[in-house]
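Report on the structure
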Amino acid sequence: MLGEPDAPLVSRWMNEPHVELFWEQAWPPERWAEAIAEQLAGDYSRPCLVSYEGSPLAYVEIYRTPRDVVGLQYDAEPFDLGIHLAIGARESTGRGLGRRLVRAVAEGLFAADHRVRKVVADPDERHLIARRMFAAAGFEFRGIRDLGHKHAALHFYEISPDRREAAFTGTK
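Predicted model, so just to flag it, every value in this text is computed and none were measured.

**Concerning the sheet that holds strand E5 (residues 140-146)**
Pairing within the open sheet is mixed, and its six strands lie in the order E1-E2-E3-E4-E6-E5. A strand with exactly one partner marks an edge of an open sheet, and here the two such strands are strand E1 (45-52) and E5. Here the average twist between neighbouring strands, direction ignored, is 30 degrees. The sheet contacts of helix H5 (residues 128-136) involve strand E3 (81-87), strand E4 (118-121), E5 and strand E6 (151-158), and relative to E6 the element is tilted by about 15 degrees.

**What to know about the environment of Ser-51**
Structurally, Ser-51 can be placed in strand E1. Note on Ser-51: relative accessible area 47%, which makes it partly exposed. Here the alpha-carbon distance between Ser-51 and Leu-101, two residues 50 residues apart in the chain, equals 9.8 Å. Filtering out sequence-adjacent residues up to four positions away, Ser-51 remains in contact with Pro-56 and Leu-57.

**What to know about the packing of helix H4 (residues 97-112) against H5**
Viewed as axis vectors pointing N to C, H4 and H5 meet at an angle of 55 degrees, and their least axial separation amounts to 8 Å. Judged by the angle between their axes, H4 and H5 are oblique. At the point where H4 passes H5, the crossing takes the right-handed sense. Each of Gly-98, Arg-99, Val-102 and Arg-103 in H4 lies in contact with H5, whose residues at this interface are Met-133, Phe-134 and Ala-136. Classifying every residue of the contact of H4 with H5 by side-chain character gives four nonpolar, one polar and two charged.

**Description of the nonpolar core**
By size, the foremost hydrophobic cluster in this structure holds 26 residues, and its most contacted members are Ile-83, Val-119 and Phe-139. The set of elements that each furnish at least two residues to this core consists of strand E2 (55-64), E3, H4, E4 and H5. Among the elements that take part in this core, H4 stands out by supplying seven residues, more than any other. Ignoring anything within four residues of it in the chain, the contact list for Phe-139 reads Val-102, Ala-106, Val-119, Ala-121, Phe-134, His-155, Phe-156 and Tyr-157. Core analysis: the second largest hydrophobic core is formed by 14 residues, Trp-13, Met-14, Trp-23 and Ala-33 among them.

**A short note on a positive patch on the surface**
On the surface, a cluster of positive charge is made up of Arg-95, Arg-99, Arg-100 and Arg-103. A residue is classified by how much of its surface remains accessible, and Arg-99, at 31% relative accessible area, is partly exposed.

**Some points on helix H3 (residues 29-41)**
For H3, which comprises 13 residues, the first-to-last C-alpha distance of 18 Å matches the rise-based estimate of 18 Å (1.5 Å per residue) to within 8%. For H3, the full list of buried residues reads Trp-32, Ala-33, Ala-35, Ile-36 and Gln-39. One side of H3 carries all its buried residues, which in axial view fall inside an arc of 165 degrees. The exposed residues of H3 that point more than 90 degrees off its buried face are Glu-30, Glu-38 and Ala-41.

Analysis parameters
- Residues numbered from 1 in each chain as written.
- Predicted model: local features only at pLDDT ≥ 70, side-chain atom pairs only at ≥ 80, totals over all residues.
- Heavy atoms only, no water.
- Pairing = 2+ DSSP bridges.
- Helix = DSSP H or I, 4+ residues; strand = E, 2+ residues; numbered from the N terminus.
- Axes fitted to C-alpha atoms, helices over the stretch in contact; angles between N-to-C directions.
- Contact = heavy atoms within 4.5 Å.
- Buried < 20%, exposed > 50% of the residue type's maximum accessible area, 1.4 Å probe, protein only.
- Parallel < 35°, antiparallel > 145°, perpendicular 65-115°, else oblique.
- Left-handed = near helix turned anticlockwise from the far one by under 90°.
- Nonpolar A, V, L, I, M, F, W, Y, C, P; charged D, E, K, R; others polar.
- Core = buried A, V, L, I, M, F, W, Y, C linked by side-chain atoms within 4.5 Å.
- Patch = residues over 30% accessible without salt bridge, like charges linked within 9 Å, V, L, I, M, F, W, Y side chains within 5 Å.
- Areas by Shrake-Rupley, 256 points an atom, 1.4 Å probe, with all protein chains shown as cover.
- Salt bridge = Lys/Arg side-chain N within 4 Å of Asp/Glu carboxyl O.
- Lys, Arg positive; Asp, Glu negative; His and termini not counted.
- Charge placed at Lys NZ, Arg CZ, Asp CG, Glu CD.
- Expected span 1.5 Å × (residues − 1).
- Arc of directions from axis to C-beta.

Don't take any of this as a statement about function, it's just geometry.
In structure tokens form, the structure reads like this:
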């Protein structure tokens, strides 16, 4: 989990042109510290810092879709979760790390709470790289929706009870 001391790193990443273009949160570290503290104090979303090979790789937010504007765009179930992702350093993009990351996060969320059936991603419709990444990770594209602040390409990663059982027993 992320903490307020991580705010300078998150701020630096959010000010990178490839991130700022779609996140539009190029805030100073102080504003990010406030945002992180707000998330940690609530029960709607959790900010996370993901590392790869010992180095910080990405900022990830896990949120409850039924309590978000995204949840109004489909038949949301009570334990559905959403994922927002920003790979910070430009040189870390285009290497397949994002695809592996989002799949691992989705599988980890299913493993952590058996009530989770869907993980939803809502990248900006213009963000073709993110859309390809989610598709390659096994997320199914379900259409473009106007969320008010952006036109989102909704992608769903679902797990059936049979698939869940196979994952935990090692059966096919």
